[in-house]
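# Reading the structure
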Amino acid sequence: MGDRYRLTWSTDVSPIPFNALFAVRTVLRDRSGAPIPDGSVVVDASMPQHGHGMPTRPIARPGVCSPKLEPGAAASSTLDCTHPDGVYVSEGMKFHMAGEWVLHFVVSGPLGPDTADAHYTL
Amino acid sequence: MRTTRFEPLALSLLLGCGDSTLSQKELAVVLSMSPIPPPPGSPTNRYAEAPAAAALGKDLFFDKGLSGDGSTACSTCHDPARHFTDGERVHTGLGVGSRNVPTIETAAWQTWFFWDGRADSAWAQATGPIRNPLEMGGSAEGVRARVIDAHGVAWASAFGPVPDDPMVTLALAGKAIEAFERTISPGRSRFDVFVEELRTQGGSSVLTEAEQHGLEVFLDSGCTNCHSGPLFSDMGFHNIGVPQVPKGGMDIGRALGATRVQEDPYNCLGTYSDVAVTPPNALTATDAPGPKPCPELRFLDASFDDWPLAFKTPTLRNVALTAPYMHDGSIATLRGVVELYNELPGTPLIGHRELTLVPLHLTGRESDALVAFLATLTEEDGLDSSAGAAP
């Protein structure tokens, strides 16, 4: 990751299971360690030695959302979402083969875009 | 006699004419392959464990009256005497298909069904061949009429009145067939005895020297990349480059199946499913914890780059008795399958072969040993006759 953010990640099941769905929990902070609740984290993964990614398309949980307040409108069809404590969750990850995996994190937030990779051997 | 043992500190597999030692890593792999655990639940089928549904499903499975012309039953192709396959290259019902008949012995453990995974439950799968004009050539309306005519008592016991809607009736018929299929499983094999003795006694001489050698070849050759776990299948889809001769159009396998399962009205998220699905409502979006329904279907990536020409990894349980092989039945013998992996001839017409595959170039002795090992996965006690015998 570049020098804009600090990112830590964990999974809902440890170790990561073979050929089963799991979720990635990412905590996003700024350089001082303060959590960033108003960004986004997209997580994907691939196997460089195999030349492919996952057979699933992970979905990021929206966070804690409420209808967006728009002046003069009786109701809203859009949402304001936030991620308390800088926690972002992506569901639908699946490592369907054993071997070397790379998790890819694509971050956007108030400090600008950034990316990070993490290696994992299943 | 050759004995396989595991050595707590062994770092590699020791080959030789005498005893064989499995490393801790290899032992973990071998132990993961037996025994077969109980099947997972079937959340889309509330009748999956109901005996009355299973009894009805057995009747339906063997009933030729479900077909369009009364000539073909599920059991015509899924013959219990052949471990629920038919021994033919491709299926032949009312017409001639293009794919080999897979066994249903492991249906209860599967996530995706058909070679291309175009169904996401065993009951949804069962409704496919009934309506396929090349297989049973029936219809939802025909199934409803047949159950009224021939299965009234068993149906009432399982489900109550026959629904007016033929699509609901067909879905329930499929759920009964799934309940029956869940009473079937591969029987205990000599390999299972071997693993049990490894686990409990630290060694086993149940397998012959050739079979143990074959196990070593199986472990060393990367077979477990896909043929993993107690069913010897990752239940996933891979393009292994089976030579294809396009005839009536190329069979692109999972690339189409992944889309079809998303569109199937009988899928997990459909109205016929017994999973409680809450319609999406953006205004209630939240990080609320708890399981959400149909995760495999919801997260499926139908545009995954490796889907073209990918087909489901078949189980290797009872594989010695379920020739011919591959999705198109194009290889007659297990030795022939090993030869495919020895040479990996040609390149796939589209997509690419699984990159982990390299030609094995096994010797004749190694190839024979591998085939001998695969035969140890044959069940000991014959067919599960209580489940599979014709009524």
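Here the structure is a predicted model, which is why all the values come from computation and not from measurement.

## Concerning the overall build of chain A
Within chain A, the secondary structure is distributed over zero helices and ten strands. Reading chain A from its N terminus to its C terminus gives the helix and strand order β-β-β-β-β-β-β-β-β-β. Across chain A, every contact between residues at least 6 apart in sequence was considered, and the portion connecting residues at least 24 apart equals 61%.

## Comments concerning the sheet that holds strand 5 (residues 59-60) of chain A
Residues and elements named next belong to chain A. In space, the four strands of this open sheet follow the order 1-2-8-5, with antiparallel pairing throughout. This sheet does not close on itself; its edge strands, each paired only once, are strand 1 (5-11) and strand 5. Sheet analysis places strand 5 next to strand 8 (residues 87-94), joined by two bridges and oriented antiparallel. In the sheet register, Ile59 faces strand 8, and the bridge partner there is Glu91.

## Some details on the domain arrangement of chain B
Residue and element names in this part refer to chain B. Segmenting chain B into domains produces domain 1 (4-36 + 188-245 + 308-375) and domain 2 (51-185). Each of domain 1 and domain 2 has a C-alpha centre, and these two points are 31 Å apart. At the junction of the two partners, domain 1 supplies 17 residues and domain 2 supplies 21 residues. Of the residues assigned to the side of domain 1 that touches domain 2, the class counts are nine nonpolar, five polar and three charged.

## A closer look at the interface of chain B and chain A
Counting residues at the interface gives 17 residues for chain B, matched by 22 residues for chain A. For the side of chain B that touches chain A, the residue count by class is eight nonpolar, four polar and five charged.

## What about the environment of Asp69 of chain B?
Residues and elements named next belong to chain B. Inspection of the secondary structure assignment puts Asp69 in the loop between helix 2 (51-61) and helix 3 (74-77). Distance from Asp69 to Ala107, taken between C-alpha atoms, is 27 Å for residues 38 residues apart in sequence. Residue contacts for Asp69: discarding those within four places in its chain leaves Leu94 and Gly137.

## Details of the packing of helix 2 of chain B against helix 7 (residues 166-181) of chain B
The relative placement of two packed helices is expressed as an angle between their axes plus a distance between the axes. All names here are of chain B. Contact geometry of helix 2 with helix 7 gives a least axis separation of 7 Å together with a crossing angle of 100 degrees. Between helix 2 and helix 7, the angle is such that the two are roughly perpendicular. Contact residues: helix 2 offers Ala53, Ala54, Leu56, Gly57, Lys58, Leu60 and Phe61, while helix 7 offers Ala173, Lys175, Ala176, Ile177, Glu178, Ala179 and Phe180. Considered class by class, the residues forming the contact of helix 2 with helix 7 number ten nonpolar, one polar and three charged.

## Some points on the packing of helix 9 (residues 209-220) of chain B against helix 13 (residues 364-375) of chain B
Residue and element names in this part refer to chain B. Running from N to C, helix 9 and helix 13 point in directions that differ by 100 degrees, and their axes come no closer than 7 Å. One element, helix 9, and the other, helix 13, form an angle in the roughly perpendicular class. Contacts between helix 9 and helix 13 involve Ala210, Glu211, His213, Gly214, Leu215, Val217 and Phe218 from the former and Glu366, Ala369, Leu370, Ala372 and Phe373 from the latter. The class makeup of the residues in the contact of helix 9 with helix 13 is eight nonpolar, two polar and two charged.

## What to know about the pairing of strand 10 (residues 114-121) of chain A
Residues and elements named next belong to chain A. Counting buried residues along strand 10, only zero of its eight residues qualify, which leaves the element largely exposed. Relative to strand 10, strand 9 (residues 100-108) runs antiparallel, the two being bridged by eight bridges. Its bridge partner being in strand 10, Phe105 is matched across the sheet by Ala116. Adjacent in sequence and paired antiparallel, strand 9 and strand 10 are bridged by five residues, among which Gly112 carries a positive phi angle near 100 degrees.

What counts as what
Residues numbered from 1 in each chain as written. Chains lettered and ligands numbered in written order. Predicted model: local features only at pLDDT ≥ 70, side-chain atom pairs only at ≥ 80, totals over all residues. Helix = DSSP H or I, 4+ residues; strand = E, 2+ residues; numbered from the N terminus. Contact = placed C-beta atoms within 7 Å. Pairing = 2+ DSSP bridges. Domains from an automatic or database assignment. Nonpolar A, V, L, I, M, F, W, Y, C, P; charged D, E, K, R; others polar. Axes fitted to C-alpha atoms, helices over the stretch in contact; angles between N-to-C directions. Parallel < 35°, antiparallel > 145°, perpendicular 65-115°, else oblique. Buried ≥ 20, exposed ≤ 12 C-beta atoms within 10 Å, placed from the backbone.

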